[in-house]
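A look at the structure
Residue-level listing of the chains:
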Amino acid sequence: MKNAVRNLVAVSAANPQSAADAKAAVLALARAKNAEDIGEDSAGRVTYTVEWEPTFKDIKELSTKFKEVTFTLYADSFAKQHWICKAVYLAGKSTEENTFSRIDGDSFRKVYQEIFGVAYVQGQ
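Notes on the structure in this doc start here. (Residues numbered from 1 in each chain as written. Predicted model: local features only at pLDDT ≥ 70, side-chain atom pairs only at ≥ 80, totals over all residues. Heavy atoms only, no water.)

Across its 12 residues, helix H3 (residues 105–116) extends 16 Å between first and last C-alpha, which sits within 8% of the 16 Å expected from 1.5 Å per residue. Among the residues of H3, Gly105, Phe108, Val111, Tyr112 and Ile115 are the ones counted as buried. Take H3 and look down its axis: the buried residues cluster within an arc of 145°, on one side only. Among the exposed residues of H3, those oriented more than 90 degrees off its buried face are Asp106 and Lys110. Buried positions along H3 lie against strand S1 (4–12), strand S4 (70–77), strand S5 (83–90) and strand S6 (93–100). Glycine 117 sits one or two positions beyond H3 and adopts a positive phi of about 75°. (Helix = DSSP H or I, 4+ residues; strand = E, 2+ residues; numbered from the N terminus. Expected span 1.5 Å × (residues − 1). Buried < 20%, exposed > 50% of the residue type's maximum accessible area, 1.4 Å probe, protein only. Arc of directions from axis to C-beta. Contact = heavy atoms within 4.5 Å.)

This brings us to the side chain of aspartate 41. Tracing the backbone through its elements, the reader meets aspartate 41 in the loop between strand S2 (36–40) and strand S3 (46–51). The class of aspartate 41 is buried, set by a relative accessible area of 18%. Among the polar contacts listed, one links the side chain of aspartate 41 to the side chain of arginine 45, at a separation of 2.7 Å. In contact with aspartate 41, not counting residues within four places along its chain, are Leu8 and Thr47. (Polar contact = N/O pair within 3.5 Å; in protein donor to acceptor, adjacent residues only side chain to side chain.)

Spatial strand order, S2-S3-S1-S4-S5-S6: six strands in an open sheet with antiparallel pairing. With partners counted over all chains shown, the strands left at the sheet margins are S2 and S6, one partner each. On average, each strand axis in the sheet is tilted by 15° relative to the strand beside it, whichever way the strands run. With three bridges joining them, S2 and S3 adopt antiparallel strand pairing. Within S3, the residue paired with glycine 39 across the bridge is threonine 47. Where helix H2 (residues 56–65) meets the sheet, its contacts fall on S1, S3, S4, S5 and S6, and the angle it forms with S5 comes to roughly 20°. (Pairing = 2+ DSSP bridges. Axes fitted to C-alpha atoms, helices over the stretch in contact; angles between N-to-C directions.)

With six bridges joining them, S1 and S3 adopt antiparallel strand pairing. Residue pairing across strands places valine 5 opposite valine 50, the latter belonging to S3.

What follows deals with the side chain of threonine 55. Of note, threonine 55 is situated in the loop between S3 and H2. Those residues in contact with threonine 55 that lie beyond four places of it in its chain are Asn7, Lys33, Tyr48, Val50 and Leu73.

Right, let's talk about the pattern of salt bridges for a bit. Counting across every chain of the model gives nine salt bridges. We note a salt bridge from arginine 6 to aspartate 76, for which the minimum N-O separation is 3.9 Å. You can see arginine 6 sitting in strand S1 and its partner aspartate 76 sitting in strand S4, a full 70 residues away along the chain. A relative accessible area of 26% means that arginine 6 is categorised as partly exposed. Each member of the salt-bridge network shares a partner with another, and the members are Lys86, Glu96, Lys110 and Glu114. (Salt bridge = Lys/Arg side-chain N within 4 Å of Asp/Glu carboxyl O.)

As structure tokens, then:
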């Protein structure tokens, strides 16, 4: 994909079965979008790559179906260097939606660390 956007989706809920069902729905969504590199990372987040933009609307819609589940969508565009985002949805509502580029300083570094599990080092 020329303009690939890597999506990572974490699901959490008090009821483990609800979380598992929501995770299965995210995997099904990725397959329906013909996403590439569908899988799971070491943190248990569903990962997949789509063209151009993160699956904000789709994840928000899933959150209306799984009202007790919190969906956290992270996205990384253009080889970890252009922009990253974090969006959190619960019961069809956004509790956080932010997009950062490297010029956003600490905000960028914090979300970068949440996505990659390591601190951002300029020039990497």
